[in-house]
Amino acid sequence: MARHLITSAIPYINGIKHLGNLVGSQLPADLYARYLRARGNEVMFICATDEHGTPAELAAAKAGKPVADYCAEMHKVQADIARGFRLSFDHFGRSSSPRNRMLTQYFAQTLGEQGLIAEVTEQQVFSIDDNRFLPDRYIEGTCPNCGYTRARGDQCEECTKQLDPTDLINPRSAISGSTRLEVRETKHLYLRQRSLKADLEAWIDSKTDWPVLTTSIAKKWLNDGEGLQDRGITRDLAWGVPAQFEGAPWSGMEGKVFYVWFDAPIEYIAATAEWADANGLDDAAWHRWWRTDKGADDVTYTEFMGKDNVPFHTLSFPATIIGANRAGGAQWKLVDYIKSFNYLNYDGGQFSTSLGRGVFMDQALSILPADYWRWWLLSHAPENSDSEFTWENFQTAVNKDLADVLGNFVSRITKFCRSKFGEALPEGGETGPQEAALIAELSTRIRAYEDHMQAMEIRKAAAELRAIWVSGNEYLQAAAPWSTFKTDPAQAAVQTRLALNMIRVYAVLSEPFIPDAAAAMLAGMNTSDRRWPTDVGAALTALPVGHAFTTPEVLFRKIADEEREDWQARFAGVRS
RNA sequence: GGCUAGGUAGCUCAGCUGGUUAGAGCACGUGACUCAUAAUCACGGGGUCGGGGGUUCGAGUCCCCCCCUCGCCA
C-alpha cells in the first residue's frame, strides 16, 4: 500500500469558478484520488481557497463587507459547491488560516536567514484618495500607442501593447477613478530565485517523465532572456500574511503582506496541518506527508493544475522549498509529478470568469446532477490540446454513454430478472465458452483501464471504461437470456446471475468518474462490497445465488432536446 | 517577433521510437433482437492524414519551407 499526496490548484476566493476551472484541476485530481483509494492506497487529497490579494479586497468592498467576512462566506459557498460535485478532499482549507500565516512566515524567515531574501526599494503608484498603492492593472488611462482610453497599467487590451503605469496618459485609479496619483518609494522583499537557479534546473532536468507542456514552460522561464528573475514576494496591502513579524530577519515592513503567489502554494502544506487540527491529530500526523525528515520519504506527491499555473508550481514554490531545505533543519517534500491541463472552450469562445461567459459550477449543478458533468468533463479533459464544450455534444455524449450504454444495461438486466426470476440472483446453470470469453475481455480491458488511470491518461481511461460498459451489452445480446429462458431456464439463470454481478463490478470501476451512480448501483444490488475486480472471474460471483436486490430507478434520465435548447439560450450570454 | 501545442472521416478525437488495405466514439444507412430509458447488438458507406518539396525500398509518423488555429512570453 503506497502513500499518495494529491493537491489541486487552489481556486481564488473571488467568485464561483466555471467548468473550465473545474476540469483543469479539482476534477481530475478527485478522479485520481478516488482511484488510488479504491486500489487500497493511503491518500491525502488537499485543496483550499486562495483568499489573499487585491481582488479579494475589492470584491469585499463592492459587497460592502469586511474582507475577512467576505472570504469566510465565499469559502463556504465554494465548499458547498465542491461537495455538490462530490470532490472528495480530505481537507478543503483556507489560505487565510492561522496555520498558513505561521508557515508562510516560517518559510520567509528561514529563507531570509539563508540569505535568499533581498530588500529592494522601488517606485510605485500611490492613490491618495484610495489611500493605497495600486497594482499596475488597477491603474487606467489612455494608451500612448493606440489612444484607447481604458488601457490598464500593465497592458493595453485594445492594442495588446505591454505598458508601464507611468506610460499612461491621464492615469486614474481603476478603483475610485481618482486622478490624484503620485509615485512613491516603497520597500519590498524579493526572493532571490537567481541564486537557486542551478538547483531548480537540475531538479527540472531530472523530471524526464513529466509532460512536455509542464517542462517546456518551466525551462522557458528558467532560460528565456535574462533567465530566471528574482521575484517580489511582498505587497502594500492590508489583507494577507503580515511581512513584519516577531523574529523576522528584516525591519520596516509594517503594513505590508506577502504576495498571494508566495503564500498560496504554502497553503497546500498548511491545509494538511488544518486537516490534522480538524481531526484532533498532532503535528506528526501531517509531518509524515510533507517532511522527508519525518517520514514523508515514501510519499508520492502529485499536483494538478491548468497550464497557467505551471510557472508557479515548477519554479516559485519549489524555490521556496529548496531554499528552506538548505537551512538543514526541516526537509520539505518537493512535487514528484505535475499533471497540467489546457483550456476548455465554450461554444466557440473561451470560458471567462471576468466576462461571465460560460457555465459556472453552481449553475451546472442547478440543472443536472454532478455525475453528468463529471463524466462529460473528464471524458473530454483538455489533456493534449484545448477542447471544446458544446451543448449538442454534451447532450448526445451523456445520453449515449450514461443513459443508453450504462444506465440501460442496469435497467434491462434487473428488470428482466425481476420479471422472470424475482428480485434475487437465480439459481442453476453452468458457465460456458461465452462467459469465459466475456471474462477474458473484461480482464484485458480492466487491466488497460488501470494502466490509464495510473498514468493519469484521463480520456483514454474514460474510453476504456465505456468499452467495459459496452461489453456488458454485447454479452447480453449474444447470450440472450430472454431467449434461452424459453428452452433452458437454468442457462438463462446463470447468464442473468453473471450480468447482475457485472453491475457491482461496474459500480466499483466507475466510482471515480460517477460516484453517485456507483453508489446507487451498489445500493440497488444491496451490497457494500467495493472490492476491486483484480480477478474478474471471482468478482463476477461475488454476489451469490439467492442474493436479494432491488431494481433501481432509472440511473440517468436523458436530456431532452427542448431542455438542451433552453440551456443553450439561457447560457448564451453573460452572467449578470 | 520568440516559444509550446495543434491542424487526421460531417462532429469530437486515437495513432509510441517510420512498415501489411489509416482507427474509435458520435452522426448516417442496412439488418438482427425484443430483456431494457423508441434502449441494445451486428454490418456498411465515408478521409489524396493543412499545402509544397525532400530523405527512404517504404512517411499522418523524419528533415526543410509555407499557410491556419490556440495559448504563453516579449
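Residues numbered from 1 in each chain as written. Chains lettered and ligands numbered in written order. Predicted model: local features only at pLDDT ≥ 70, side-chain atom pairs only at ≥ 80, totals over all residues. Heavy atoms only, no water.

An unreviewed UniProt entry lists chain A under the name Methionine--tRNA ligase, with Phaeovulum veldkampii DSM 11550 as the source organism. For chain A, the Catalytic activity (unreviewed entry) comment in UniProt is given as "tRNA(Met) + L-methionine + ATP = L-methionyl-tRNA(Met) + AMP + diphosphate". (UniProt positions renumbered as here; feature names shortened; annotations may be inferred.)

Right, let's talk about the sheet that holds strand 7 (residues 151-152) for a bit. Strand order in the open sheet formed by three strands is 7-6-8, with antiparallel pairing between adjacent strands. The open sheet has two free edges, formed respectively by strand 7 and strand 8 (169-173), since each of these has just one partner strand. Two elements, strand 6 (residues 139-142) and strand 8, share three bridges in a ladder whose sense is antiparallel. Of the residues in strand 8, the one forming a bridge with Ile-139 is Ser-173. (Pairing = 2+ DSSP bridges. Helix = DSSP H or I, 4+ residues; strand = E, 2+ residues; numbered from the N terminus.)

With that out of the way, let us pick up unusual backbone geometry. Despite not being glycine, Met-456 has its phi angle at roughly 60°, a positive value. With a relative accessible area of 8%, Met-456 lands in the buried category. In the Ramachandran plot, Asn-526 falls in the positive-phi region, its phi being about 60° despite a non-glycine side chain. Following the sequence through the fold, Asn-526 ends up in the loop between helix 17 (515-524) and helix 18 (536-539). Asn-526 gets classed as partly exposed once you look at its relative accessible area, which sits at 47%. (Buried < 20%, exposed > 50% of the residue type's maximum accessible area, 1.4 Å probe, protein only.)

Taken as a whole, chain A is organised into domain 1 (3-105 + 261-370), domain 2 (115-235) and domain 3 (390-539). The distance between the C-alpha centroids of domain 1 and domain 2 comes to 24 Å. Across the boundary between the two partners, domain 1 contributes 27 residues, which contact 27 residues of domain 2. Between domain 1 and domain 2 lies a buried interface of about 2,300 Å² when both sides are counted; carbon and sulfur atoms form 69% of it. Taken together, the links from domain 1 to domain 2 amount to two salt bridges. (Domains from an automatic or database assignment. Contact = heavy atoms within 4.5 Å. Buried area = accessible area lost by both parts, 1.4 Å probe. Salt bridge = Lys/Arg side-chain N within 4 Å of Asp/Glu carboxyl O.)

Bringing helix 4 (residues 98-113) into the picture now. An α-helical turn contains 3.6 residues, so a residue and the one three or four places further along point in the same direction. Here helix 4 is 16 residues long and its end C-alpha atoms lie 22 Å apart, about the 22 Å a rise of 1.5 Å per residue gives. Considered for burial, the residues of helix 4 that qualify are Arg-99, Asn-100, Leu-103, Thr-104, Gln-105, Phe-107, Ala-108, Thr-110, Leu-111 and Gly-112. Looking at the buried side of helix 4, the elements it contacts are strand 4 (117-127), strand 9 (181-191), strand 12 (257-258), helix 7 (260-278), helix 8 (283-290) and helix 9 (310-325). Looking one or two places after helix 4, you find Gly-115, whose phi comes out positive at around 75°. (Expected span 1.5 Å × (residues − 1).)

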